[in-house]
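Residue strings, one per chain:
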Amino acid sequence: MDDPSEWLLTSEERGNPGTSLPAWTRGNLVRPLVHGAAYFDRLVEVVEQLGDGDRLWFTDWRGDPDERLRPDGPTVDELFSAAAHRGVDVRGLVWRSHTDALSYSKEENRALDREIEEDGGRVVLDQRVRRVGSHHQKIVLIRCPADPSADVAFAGGIDLCHSRRDDAAHEGDPQPVDMASGYGPTPPWHDVQAEIRGPAVAVLDTAFRERWDDPTSPVQGNPIAYVVDRFRRARLDPSPLPPELPPPPECGPHLVQTLRTYPKIRPRYDFAPEGERSIARGYSKAVEKARRLVYLEDQYLWSSEVAQLFADALTDNPELHLVVVVPRIPDQEGAFNATPQYVGRRQAIDLCIRAGGKDRVHVFDVENQAGTPVYVHSKVCVVDDVWASIGSDNFNRRSWTHDSELSTAVLDTTRDPRAPQDPAGTGDGARTFARDLRLELAREHLDLADDGSDDDLLLDPARFVSTLESRAAALAAWHEDGRRGPRPPGRLRPHDPERLSRLTKLWATPVYRLLVDPDGRPLRLRLRKEF
């Protein structure tokens, strides 16, 4: 591609002069790891090879020290603690979290902190966020000073915790978290993480350092947590990091851009004094170039502000189709937990349908072969088989402005030779990484051959949409007919979020806007309706 800035943000467009992150890096190799079982297996393989002087740094939203990364282990604690005993520099930044009584993970994160610290690692429980905010970044960073070619990072949507070790069969993790009863005793879980090699690993190293070295106390604004942590002798002041290493060598054809969200906060982040919203800006730039197909997988898809981006693209491009895969029901039951989510999703979907009509907006949820809904936790976006992202961020205002998030955008320099070679008709041409990611996900959702022998149903955007719609409609009809006869192929069903009464909307809408999907932008950007 002659000019990557047609798709990727420039340093100026990132909008954060406080960071030293480059606009993007060349020469990377990114591999999508679909499902927690695949990611965890690869993580164990890599970490068990580390030795004295190597570095294992991670950030997490939730961590369960007893989560088994393979059926017979090791657990997260066993893997990381064994590495620390071998002389590996193990460090973690884990969100302090809200109380477990609100379906969060305060005690689990403290347990991970305690157990890794006991074996020589260093873990900071990080509360440098806005009120009702969180640190939602999920990365594992591995540096090998003696062999930079072995450097690797994992970044995406998968936490090191319970419920994440599922696979394509979607029978769930034997160590589940408590979720809505509709997901059963072992909730099926769909997720994606990226394995990254090349110079982009050094960018993630810098991103970790920025948070670790931030001078604000990790318990700022929380005097009770300070007292508790002093009593527990928890780590309140991160110890100095070892010197920064040179970037690893180039090893592949992928341009990688690290996109992030940080809110405007007091005290300010040194590395983002006015916050950073490069996720919102990066997605906006890519979606505005869409002509034929935007493919999304997302946990929420809530915000009308975010949905407006897709609505505008649908309005401006009459041949554009939007395909979205979301969970069938919220993860938690109860009016206060679930109802505000329905408000946000209904607003977002209705906005897109008004712009593109039901013939161009296609929203699905997923189930396993037993008919149990699959909880879609992945955060994936593919635009015209050119630009793709895998991240921790959801398509809502919270993720784009309020919580800390990190997404990996990939622009492959390799043109895909399969027809149609330029589905958007812009001259950019389909790119191998973006197309392969979309096809891998679609094969699973539609029960198509893993070897790609059925890909003629998926390559062309129009035929892809037709295949999705026909298989989802057949599965829905089979359910409506009492599941008589053989189950049709495919796991997708048309998604129609719950419709709410005016009275319900009256109380749920302010809860949604203030607590569920808050805004972390500076006031001037809110007033201008910009990110």
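This text gives an overview of the structure that appears in the document.

The rules behind these values
Residues numbered from 1 in each chain as written. Predicted model: local features only at pLDDT ≥ 70, side-chain atom pairs only at ≥ 80, totals over all residues. Heavy atoms only, no water. Helix = DSSP H or I, 4+ residues; strand = E, 2+ residues; numbered from the N terminus. Rg over C-alpha atoms; globule rule 2.2 N^0.38 Å. Buried < 20%, exposed > 50% of the residue type's maximum accessible area, 1.4 Å probe, protein only. Areas by Shrake-Rupley, 256 points an atom, 1.4 Å probe, with all protein chains shown as cover. Lys, Arg positive; Asp, Glu negative; His and termini not counted. Charge placed at Lys NZ, Arg CZ, Asp CG, Glu CD. Salt bridge = Lys/Arg side-chain N within 4 Å of Asp/Glu carboxyl O. Expected span 1.5 Å × (residues − 1). Contact = heavy atoms within 4.5 Å. Phe/Tyr/Trp six-rings, centres within 6.5 Å; stacked < 30°, edge-to-face > 60°. 1 Å grid on protein atoms, 1.4 Å probe; cavity = no way out; pocket = protein on both sides within 12 Å on 5 of 7 lines; lining within 4 Å. Points joined across faces, edges and corners; volume = space filled by probe spheres on them. Pairing = 2+ DSSP bridges.

**Topic: the overall build of the protein**
Check the secondary structure of the protein and you find 14 helices and 18 strands. Relative to the 2.2 N^0.38 estimate, which gives 24 Å for 531 residues, the radius of gyration of the protein is 22 Å and therefore close to what a compact globule would have. Its C-alpha atoms give the protein principal-axis dimensions of roughly 60 × 55 × 55 Å. By the burial criterion, 62% of the 531 residues in the protein qualify as buried. Accessible surface, the protein: about 19,800 Å² in total, of which carbon and sulfur atoms supply 51%. Positive and negative charge centroids in the protein, built from 70 and 88 side chains respectively, lie 6 Å apart.

**Focus on the pattern of salt bridges**
Following the criterion strictly, the structure yields 44 salt bridges and no others. The residue Asp 205 makes a salt bridge to Arg 143 at a minimum N-O spacing of 2.9 Å. In this pair, Asp 205 is assigned in helix H5 (residues 200-212) and Arg 143 in strand E5 (residues 139-143), connecting sequence segments 62 residues apart. In terms of burial, Asp 205 and Arg 143 fall into one category: buried.

**A look at helix H2 (residues 36-47)**
When the terminal C-alpha atoms of H2 are compared, their 16 Å separation across 12 residues agrees well with the 16 Å that a helix rising 1.5 Å per residue should span. For H2, every residue scored as buried is listed here: Gly 36, Tyr 39, Phe 40, Arg 42, Leu 43, Val 44, Val 46 and Val 47. As for H2, its buried residues are in contact with strand E1 (25-34), strand E2 (55-60), helix H3 (76-85), E5, strand E6 (152-156) and strand E8 (192-197).

**Quick word on the side chain of Arg 471**
Turning to its location among the elements, Arg 471 is positioned in helix H12 (residues 461-480). Although Arg 471 is buried, it makes no salt bridge; Asp 447 carries the closest opposite charge, 6.3 Å away. Every residue in contact with Arg 471, bar those within four places of it in the chain, is listed here: Leu 446, Asp 447, Leu 448, Leu 457, Pro 489 and Leu 492.

**Overview of the packing of aromatic side chains**
Counted by the stated rule, this structure contains 18 aromatic pairs. On the basis of an interplanar angle of 25° and a centroid distance of 5.1 Å, the ring pair of Trp 57 and Phe 208 is categorised as stacked. Placement of the pair is Trp 57 in strand E2 and Phe 208 in helix H5, with a sequence separation of 151 residues. Like Phe 208, Trp 57 is buried. Judged by centre distance (5.1 Å) and plane angle (55°), the rings of Phe 58 and Phe 80 are tilted.

**Focus: the layout of surface pockets**
Approximately 510 Å³ is the volume attributed to the second largest pocket. In this structure, the second largest pocket is lined by 22 residues; those nearest its centre are Ser 284, Glu 305, Lys 529, Glu 530 and Phe 531. Looking at the lining of the second largest pocket, the elements that each hand over two or more residues are helix H7 (278-287) and helix H8 (304-316). Among the elements that take part in the lining of the second largest pocket, H8 stands out by supplying 6 residues, more than any other.

**Things to note about the pairing of E6**
Counting buried residues along E6, 5 of its 5 residues qualify, which places the element largely inside the surrounding structure. Burial along E6 is two-sided: Val 152, Phe 154 and Gly 156 facing one way and Ala 153 and Ala 155 facing the other are all buried. Of the strand pairs in this sheet, E5 and E6 are connected by 4 bridges, and their pairing is antiparallel. Residue pairing across strands places Ile 139 opposite Ala 155, the latter belonging to E6.

**Quick look at unusual backbone geometry**
The step from Gly 73 to Pro 74 runs through a cis peptide bond, and the omega angle for that step is 10°. For Pro 74, the position within the fold is in the loop between E2 and H3. Of note, the amide linkage connecting Ala 419 to Pro 420 takes the cis form, showing an omega dihedral of -5°. Phi is positive for Val 132, close to 55°, though the residue is something other than glycine. Phi is positive for Ser 163, which is not a glycine, with a value near 80°. Looking at where Ser 163 falls in the secondary structure, it is placed in the loop between E6 and strand E7 (189-190). Exposure remark for Ser 163: the relative accessible area of 0% places this residue in the buried category.

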